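# Topology and contacts: notes
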Amino acid sequence: MSKSRMILAITASLMLGLFANPAVADYALNFPEPVAPLPQQMYDLHMLTTKIATIIMVVVIGFVAYVLFTFRKSKGYEADQNFHKGAFGTWSWMLVPVIVLGIDLTIAGSATSALEEVEDYSKKADLTVKVIGSQWKWTYEYMDDGIRIVSNMLPKEKAGDNYLRAVDNPLVLPTNRRIRFLHTASDVLHAWWVPQIVYKKDSIPGYINETWTNIEKEGTYRGQCAEICGTGHAFMPIVVEAVSPEKFEAWKAEKLQVAQAAAAEASADKTWSKDELYSRGEGIYNTNCSGCHQVSGKGMPGVFPALAGSKIATGDIAAHINIVLNGKSGTAMAAWGAQLNNLEIAAVITYERNAWGNNTGDVVQPADIKSARQ
Ligand code: HEC
Ligand SMILES: [Cu+2]
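What counts, and where the lines are drawn
Each chain carries its own residue numbering, running from 1 in the direction its sequence is written. As a convention, the first chain written is A and the first ligand written is 1, with the rest following in written order. For a predicted model such as this one, the threshold for reporting local features is a pLDDT of at least 70, and the threshold for listing and counting side-chain atom pairs is 80 or more; totals across whole chains, interfaces and linings nevertheless cover every residue. Heavy atoms from the whole structure form the basis of all side-chain values; hydrogens and water molecules are not counted. Strands are runs of DSSP state E lasting at least two residues, helices are runs of H or I lasting at least four, and both sets are numbered from the N terminus onward. We compute the radius of gyration from the C-alpha atoms alone; for a globule the expected value is 2.2 Å times N to the 0.38, where N is the number of residues. Burial here depends on accessible area, computed with a 1.4 Å probe over protein chains only, as a share of the maximum for the residue type. Under 20% is buried, over 50% is exposed, and the range in between is partly exposed. Contact definition: two residues touch when any of their heavy atoms are within 4.5 Å. Neither His nor the chain ends is counted toward charge; the positive residues are Lys and Arg and the negative residues Asp and Glu. Just so you know, the charge point we use is NZ for Lys, CZ for Arg, CG for Asp and CD for Glu. Residues forming no salt bridge and having over 30% relative accessible area are the ones grouped into patches, like charges within 9 Å of each other and nonpolar side chains (Val, Leu, Ile, Met, Phe, Trp, Tyr) within 5 Å. Working definition of accessibility: Shrake-Rupley area with a 1.4 Å probe, residue cover restricted to the visible protein chains. Salt bridges are identified by distance alone: a Lys or Arg side-chain nitrogen within 4 Å of an Asp or Glu carboxyl oxygen. Here a residue counts as near a molecule or strand whenever at least one of its heavy atoms sits within 4 Å of it. Polar contact is defined as a pair of N or O atoms within 3.5 Å, subject to the rule that within protein one atom must be able to donate a hydrogen and the other to accept it, and that residues adjacent in sequence are counted only when both atoms are side-chain atoms. Strands were regarded as paired on the criterion that DSSP finds at least two bridges between them. Note on method: axes are straight lines fitted to C-alpha atoms, helices fitted across the in-contact stretch only, with angles between N-to-C directions ranging 0 to 180 degrees. Roughly parallel means an angle under 35 degrees; roughly antiparallel means over 145; roughly perpendicular covers 65 to 115; every other angle is labelled oblique. Crossings are classed by handedness, with left-handed meaning an anticlockwise turn of the near helix from the far one by less than a right angle and right-handed meaning a clockwise turn. Under the scheme applied, nonpolar residues are Ala, Val, Leu, Ile, Met, Phe, Trp, Tyr, Cys and Pro; charged residues are Asp, Glu, Lys and Arg; polar residues are all the others, including Gly. Domain start and end points were adopted from an automatic or database domain assignment. Atoms are scored as donors when they are N, O or S and lie within 2.8 Å of the metal, with 3.2 Å used for Na, K and Ca; no water is included, so coordination may look incomplete. Every angle between 85 and 135 degrees makes a four-donor site tetrahedral, while opposite donors more than 155 degrees apart, with all other angles between 65 and 115, make a four-donor site square planar and a six-donor site octahedral; other sites are irregular.

Another point: the overall build of the chain. Regarding its fold elements, the chain presents 12 helices and 10 strands. For the chain, whose C-alpha radius of gyration is 29 Å, the value lies well above the compact-globule estimate of 21 Å for 374 residues. Taken along its principal axes, the extent of the C-alpha atoms in the chain is 100 × 55 × 40 Å. Across the 374 residues of the chain, 35% fall into the buried class. Within the chain, counting contacts between residues at least 6 apart in sequence, those at least 24 apart form 61% of the total. Positive and negative side-chain charges in the chain, numbering 34 and 37 respectively, have mean positions lying 7 Å apart.

Here it is in structure tokens:
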């Protein structure tokens, strides 16, 4: 095999290997197909600029190649010293910028109409979802219904081929409804990016950005955080399940029922067994806390304290309840009292006091949290 053939064969097999991988297949040649009007406009804009740029590139490179070849020195050509004196030499200096301006205005015209749609907040939304980025997960709040979803990346064993692109709880949305997203963050900058259904704006702590969409096709749409947000930046994928409005209503009703049952359970003055609290606490810990303190409870030295063997998690119960309820200002440790109910906090604290060799045997009841809140 000749050298150039070998290079060709290696390149071809590398490309095949890349595109045969299901995780990148969707992105093989172009952006994935948009399924909402505004992303479609942006996609068209991208195609328009790409086409114009390709034509310009072909014309310019063709022209340069032609000139280099035809007017080469070995054929005896000399530079024309009077080019600027002829009609073309005089007018081309004006003509070329005019053509360039025309091209720019063509692109700018389409871009402006897309931008006007982006900033159009005059129409009423059917549904508002608050999207909160945090290190390193997404939380979704359906503002009209009080439903809250915490979305974590699935570990490799569970995600399989979709590793880095799959989550435990996807965001469920109806098709053919105007959806308003409110973007914010709880710690550092993030950006919620699902190009098939909506354009991107930054998620900024203490600030709300707004985007909107109207998804036209049912399906699963994937995205990721698009703002470098720390060591776990690559581990906060986004999954949106778009379903018909009827299916969405059914999903919502079921979610609400589960939430109500959970709230009723949490407010009841029941005394729970250690095992019940421990197993519930494990789930709550792995959803809300393990992003920082790690599933192993070992934390990240110098950044997030270990809870295994921690003075607080094995010492005074009141101090433990206090830091989980109220957080610690000026650090990444949030006040969980606003996000978790009494049962959830009691369970997660019971778990922390008995997991990873913290065999304190302590049991914290929802009633303890209730009185600590007062
Ligand atoms: C965004 C990262 C982050 C998340 C998520 C997080 N924590 Fe923390 N946590 C911290 C940091 C940072 C500290 C250290 C605060 C300080 O400087 O004292 C801390 C401290 C603690 C401590 C005290 C440990 C010690 O020995 O000082 C406990 C207990 C604790 N967290 C429990 C929890 C629980 C329970 C959850 C989930 C409901 C949770 N944390 C979620 C970052 C986090
Ligand atoms: Cu992020």
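Attention now moves to a nonpolar patch on the surface. Taken together, the side chains of Ile56, Val60, Phe63, Val64, Tyr66, Leu68, Phe71 and Tyr77 make up a nonpolar region of the molecular surface, amounting to roughly 810 Å² of accessible area. As for its position among the elements, leucine 68 is in helix α3 (residues 37-70). Judged by relative accessible area, leucine 68 falls into the exposed class, the value being 61%.

Moving on to the site of ligand 1. In the neighbourhood of ligand 1, 20 residues make up the surrounding shell, with Cys289, Cys292, His293, Ser310 and Met333 lying closest. Within the side chain of serine 310, an N or O atom sits 2.7 Å from an oxygen atom of ligand 1. Between an oxygen atom of ligand 1 and a side-chain N or O atom of lysine 328, the distance comes to 3.3 Å. Of all the secondary-structure elements, those providing two or more residues to the shell around ligand 1 are α8 (290-293), α10 (317-326) and α11 (342-354). Sort the elements by how many residues they give to the shell around ligand 1 and α10 lands first, with 3 residues.

One open sheet accounts for 5 strands, arranged β3-β2-β1-β5-β8; its pairing is mixed. Looking at strand neighbours, the two that pair on one side only are β3 (147-151) and β8 (209-213), the edges of this open sheet. Adjacent strand axes in the sheet meet at a mean angle of 20 degrees, parallel and antiparallel pairs treated alike. In terms of strand pairing, strand β5 (residues 179-185) meets β8 through 5 bridges, oriented antiparallel. In the sheet register, isoleucine 179 faces β8, and the bridge partner there is threonine 213.

Take the packing of α3 against helix α4 (residues 87-118) next. Between two packed helices, what matters for the description is the angle formed by their axes and the separation of those axes. At a minimum axis separation of 10 Å, α3 and α4 run at an interaxial angle of 170 degrees. As summarised for this structure, α3 and α4 are arranged roughly antiparallel, according to the angle between their axes. Considering the relative orientation of α3 and α4, their crossing is left-handed. Here Leu38, Gln41, Met42, Leu45, Leu48, Thr49, Ile52 and Ile56 of α3 lie close against α4, whose contacting residues are Ile103, Thr106, Ile107, Ser110, Ala111, Ser113, Ala114, Glu117 and Val118. Considering only residue class, the contact of α3 with α4 consists of 11 nonpolar, 5 polar and 1 charged.

Here we come to the domain arrangement of the chain. By the assigned domains, the chain splits into domain 1 (24-118), domain 2 (127-249) and domain 3 (268-373). Taking only C-alpha atoms into account, the centre of domain 1 sits 60 Å from that of domain 3.

Coordination of the iron atom of ligand 1 by the protein is provided by His293 (NE2) and Met333 (SD), with metal-donor distances spanning 2.0 to 2.2 Å. Considering all 6 donor atoms around the iron atom of ligand 1, angles at the metal cover 87 to 178 degrees and the coordination shape is octahedral. Taken together, the residues histidine 293 in helix α8 and methionine 333 in the loop between α10 and α11 connect sequence positions 40 residues apart. On the basis of relative accessibility, which here comes to 11%, the residue histidine 293 falls in the buried class.

For the rest of this paragraph, the subject is the coordination of the copper ion (ligand 2). For the copper ion (ligand 2), every protein donor is listed as His190 (ND1), Cys225 (SG), Cys229 (SG) and Met236 (SD), and the spread of their distances is 2.0 to 2.6 Å. For the copper ion (ligand 2), the 4 donor atoms are set out with angles of 96 to 126 degrees between them, so the coordination reads as tetrahedral. Every donor residue of the copper ion (ligand 2) comes from the same chain, spaced as H-x34-C-x3-C-x6-M. Each member of the pair, cysteine 229 as well as methionine 236, carries the same accessibility label: buried.

Moving on, we get to the pairing of strand β4 (residues 171-174). Of the two faces of β4, both are covered, the one formed by Leu171 and Leu173 as well as the one formed by Val172 and Pro174. Here β4 pairs with strand β10 (residues 237-243) via 4 bridges, running parallel. Opposite proline 174, over in β10, you have valine 243 as the bridge partner.

We now examine the sheet that holds strand β7 (residues 202-203). Read across the sheet, 5 strands follow the order β4-β10-β9-β6-β7 without closing on themselves; strand pairing throughout is mixed. Looking along the sheet, the strands with just one partner apiece sit at the ends: β4 and β7. Sheet topology note: the strand β9 (residues 219-225)/β10 ladder contains 6 bridges and is antiparallel. The residue bridging arginine 222 from the neighbouring strand is valine 239, located in β10.

A few words now on the pattern of salt bridges. With the rule as written, the count across this model stands at 7 salt bridges. A salt bridge links aspartate 145 to lysine 252; its shortest N-O distance comes to 3.4 Å. In this pair, aspartate 145 is assigned in the loop between β2 (137-142) and β3 and lysine 252 in helix α6 (residues 245-267), connecting sequence segments 107 residues apart. For aspartate 145, a relative accessible area of 23% puts it in the partly exposed group. Lysine 252 sits in the buried class, given a relative accessible area of 14%. A salt bridge links glutamate 218 to lysine 247; its shortest N-O distance comes to 3.1 Å. Taken together, the residues span a long stretch of sequence, with glutamate 218 in the loop between β8 and β9 and lysine 247 in helix α6 at a distance of 29 residues. When its relative accessible area of 49% is taken as the criterion, lysine 247 is described as partly exposed.

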